[in-house]
Amino acid sequence: MKDLKRTKIVNLIHSEDYGKVANVKGWVRTKRGSKNVSFIALNDGSTIHNIQIVVDHQIIQEDAIQNVHSGASLSVTGEIIKSQGSGQNVEINAQNIEVLGEADPDEYPLQPKKHSLEFLREKAHLRFRTNTFSAISRVRHALIFAIHKFFNDKGFYNIHTPIVTGSDAEGAGEMFRVSTLDPKNPPLNEDGSINYKEDFFGKETNLTVSGQLEAELAALALSEVYTFGPTFRAENSNTSRHLAEFWMIEPEMAFYDIHDNMDLAEEMLKYVIQYALDNCKDDLTFLNKRLLDEEKNKKQEERSEMELLEKLKFVIDNQFERITYSNAIDILKNSKPNKKKKFQFPIEGWGTDLQSEHERYLVEKHFKRPVIVTDYPKEIKAFYMKLNEDNKTVRALDVLFPQIGEIIGGSQREENYDLLLKRMQEMNVPQQELWWYLETRKFGTVPHSGYGLGFERLVQFITGMGNIRDVIPFPRTPQNAEF
Ligand code: 4AD
Ligand code: MG
């Protein structure tokens, strides 16, 4: 009986193999019972659903499962039977139970009750075992798969761009240093500065903030490529939408202008949301209900107007609004919250960057749908964006989503050597570090475009989670690198 191959619970709950004997393995969620019979809810992570194990104490004595509590791991062999209760199709009538690992109920932190997300963050080593976090983990996986499928089906090539770099792609100076020098006793130059020539790479290096610049090099030969890698930002942002380590999808396409770029971004977002709806039904249904329960505790005006599943369908079914930055400023300047001084950062005029509150106003209150804002002032965007004829704005695009704000940032790239060089000089971007980037504008330059999608912000939107720390297994944020 021991040699019976394990069946995953996800396959079992959809089977109708009544009368057959099966083996399941997993972790106990709950155990309850009486003198004659006990019921164990077992979960193996293959589905949000538990399988109910019926333990008849005439077959398996109560003593044998005396030390089975929430969190213990079991191997159970028994007969598949039609469930008496509602909800599940099948249960297992246990014939043999092997306790693989006990969990002391006085010490095990996950009791069969609702724990706060804050508490679970401190138990990140165990939170995979909760319904919420296991559902998010499965949805996250499905989205990774969907993104690769989307680009693969379109003939894009996945490029691995470096994680350790010598350049600052965004020019924002928010990088983590990579060094093997002894911080207590670093080699010094004559002027007292640190001599990075003696460091591991013979120069100053950092963790990358974006794979874009290297992706551009590949696109200027392979036409359509994308990166999907970890990126690192040493910005001290303690918000529900910022991580110091996050994953970014960055497609880069030769011969695309800003309109082609927007079309691709919109198509991609709709594709992956549809993929989640098609492939993660049980988990999204669970997360939809979780959010409804959570919203009950909120004030009426803070509640979202749509349920999670409704919101996902709405995004798929509606065209994203496309407006320029100048339009956005006009709308915001004349908006109710601006006139009533309700914005934390009042909109005074053209030229200031949009804050999250402004982005959310445009999306949630004004247009009531995702919005793509283009043509931002050159001063507030990166050096590589293509300058418009007005000499004031660049061909930038930001995709703004409800609850999230900016989910994608991108642009058409400056492909003219002289203009790019000028922008680098104006913005103090060191050209000697980026000589290779500049050279692509000397040899067979072409119009090209790309964007970056913050993967965790996408997972947040699709799972309805309010805090980005709850959609990545081990979040890295200021003052926090546990696990
Ligand atoms: O707008 P960003 O900074 O753009 C770039 O890095 C470009 N190089 C992308 C490109 O054109 N290839 O970042 C892109 C996206 C943002 O829209 C946001 O979704 C996400 O990355 N993002 C973050 N996500 C989590 N935590 C942070 N600290 C983030 N910073 C940016
Ligand atoms: Mg941005």
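Only a predicted model underlies this, so the values are computations on that prediction, with no experimental measurement involved. (Residues numbered from 1 in each chain as written. Chains lettered and ligands numbered in written order. Predicted model: local features only at pLDDT ≥ 70, side-chain atom pairs only at ≥ 80, totals over all residues. Heavy atoms only, no water.)

(A) Examining the sheet that holds strand E12 (residues 321–324) more closely. Spatial strand order, E6-E10-E11-E16-E15-E14-E13-E12: 8 strands in an open sheet with mixed pairing. Two strands in the sheet have a free side with no partner beyond their single neighbour: strand E6 (157–158) and E12. (Pairing = 2+ DSSP bridges. Helix = DSSP H or I, 4+ residues; strand = E, 2+ residues; numbered from the N terminus.)

(B) Quick look at the sheet that holds strand E9 (residues 205–207). Strand order in the open sheet formed by 3 strands is E7-E9-E8, and the pairing between neighbours is antiparallel. For this open sheet the edge positions go to strand E7 (164–165) and strand E8 (177–178), each flanked by a neighbour on one side alone.

(C) Structural view of the site of ligand 1. Surrounding ligand 1, one finds 24 residues, the nearest of these being Glu-170, Gln-212, Arg-233, Glu-250 and Glu-406. Here an oxygen atom of ligand 1 sits 2.8 Å away from a polar atom, N or O, in the side chain of Arg-233. Contact between ligand 1 and Arg-413: an oxygen atom at 2.9 Å from a side-chain N or O atom of the residue. Compared with its free state, where it exposes 630 Å², ligand 1 has 93% of that area covered by protein. (Near = heavy atom within 4 Å. Polar contact = N/O pair within 3.5 Å; in protein donor to acceptor, adjacent residues only side chain to side chain. Areas by Shrake-Rupley, 256 points an atom, 1.4 Å probe, with all protein chains shown as cover.)

(D) Quick look at the layout of surface pockets. Size it by volume and the second largest pocket reaches roughly 1,200 Å³. What lines the second largest pocket is a set of 34 residues, among which Glu-302, Ser-304, Arg-360, Glu-364 and Gln-403 lie closest to the centre. The element that contributes the greatest number of residues to the lining of the second largest pocket is helix H10 (residues 356–367), accounting for 7 residues. Here the lining of the second largest pocket is composed, by residue class, of 12 nonpolar, 7 polar and 15 charged. (1 Å grid on protein atoms, 1.4 Å probe; cavity = no way out; pocket = protein on both sides within 12 Å on 5 of 7 lines; lining within 4 Å. Points joined across faces, edges and corners; volume = space filled by probe spheres on them. Nonpolar A, V, L, I, M, F, W, Y, C, P; charged D, E, K, R; others polar.)

(E) Looking closely at the nonpolar core. Phe-151, Leu-269, Val-399, Phe-401, Ile-408, Leu-458 and Ile-462 are the most contacted members of the largest nonpolar core, which has 58 residues in total. Counting residues per element, this core draws most heavily on helix H5 (residues 258–279), which supplies 11 residues. Apart from the residues within four sequence positions on either side, Leu-458 is in contact with Leu-143, Ile-147, Leu-269, Val-272, Ile-407 and Leu-453. (Core = buried A, V, L, I, M, F, W, Y, C linked by side-chain atoms within 4.5 Å. Buried < 20%, exposed > 50% of the residue type's maximum accessible area, 1.4 Å probe, protein only. Contact = heavy atoms within 4.5 Å.)

(F) Looking closely at the pairing of strand E14 (residues 393–401). In terms of burial, E14 is a largely internal element, 9 of the 9 residues being buried. For strand E13 (residues 371–377) and E14, the ladder comprises 6 bridges, and the chain directions are antiparallel. Bridge pairing in E14 links Val-373 to Asp-398. Alignment of E14 against strand E15 (residues 405–412), held across 6 bridges, turns out to be antiparallel. Paired with Leu-397 across the strands is Gly-410, a residue of E15. Turn length for the E14-E15 hairpin, with the two strands adjacent in sequence and antiparallel, is 3 residues, and the turn residue Gln-403 shows positive phi of about 70 degrees.

(G) Representation of the domain arrangement of the protein chain. For the protein chain, the assigned domains read domain 1 (9–101) and domain 2 (129–174 + 209–470). Relative placement of domain 1 and domain 2: their C-alpha centres are 45 Å apart. Here domain 1 packs against domain 2, burying approximately 660 Å² in sum over the two surfaces, 40% of which is carbon and sulfur. Inspection of the region where domain 1 meets domain 2 yields 0 salt bridges. Linking domain 1 with domain 2 are 5 residue pairs in polar contact (both at pLDDT 80 or more). (Domains from an automatic or database assignment. Buried area = accessible area lost by both parts, 1.4 Å probe. Salt bridge = Lys/Arg side-chain N within 4 Å of Asp/Glu carboxyl O.)

(H) Structural view of the packing of aromatic side chains. Scanning the model with the defined rule gives 19 aromatic pairs in all. Taken together, a centroid distance of 5.8 Å and an interplanar angle of 80 degrees make the contact between Phe-320 and Phe-401 edge-to-face. Taken together, the residues Phe-320 in the loop between helix H7 (308–317) and E12 and Phe-401 in strand E14 connect sequence positions 81 residues apart. Neither residue differs from the other here; Phe-320 and Phe-401 are each classed as buried. Plain terms: the ring middles of Phe-401 and Phe-461 are 4.7 Å apart, the flat faces sit at 65 degrees to each other, and that makes the pair edge-to-face. Separated by 60 residues along the polypeptide, Phe-401 in strand E14 and Phe-461 in helix H13 (residues 455–463) bring together distant segments of the chain. On the basis of relative accessibility, which here comes to 0%, the residue Phe-401 falls in the buried class. Here the aromatic residues Phe-150, Phe-151, Phe-156, Tyr-226 and Tyr-271 are joined through ring pairs into a cluster of three or more. Sitting over the face of the ring of Trp-350, Lys-392 holds its NZ or CZ atom 4.7 Å from the ring centroid. Over the face of the ring belonging to Tyr-437 we find Arg-441, whose NZ or CZ atom lies 4.2 Å from the ring centre. (Phe/Tyr/Trp six-rings, centres within 6.5 Å; stacked < 30°, edge-to-face > 60°. Lys NZ or Arg CZ within 6 Å of the ring centre and 35° of its normal.)

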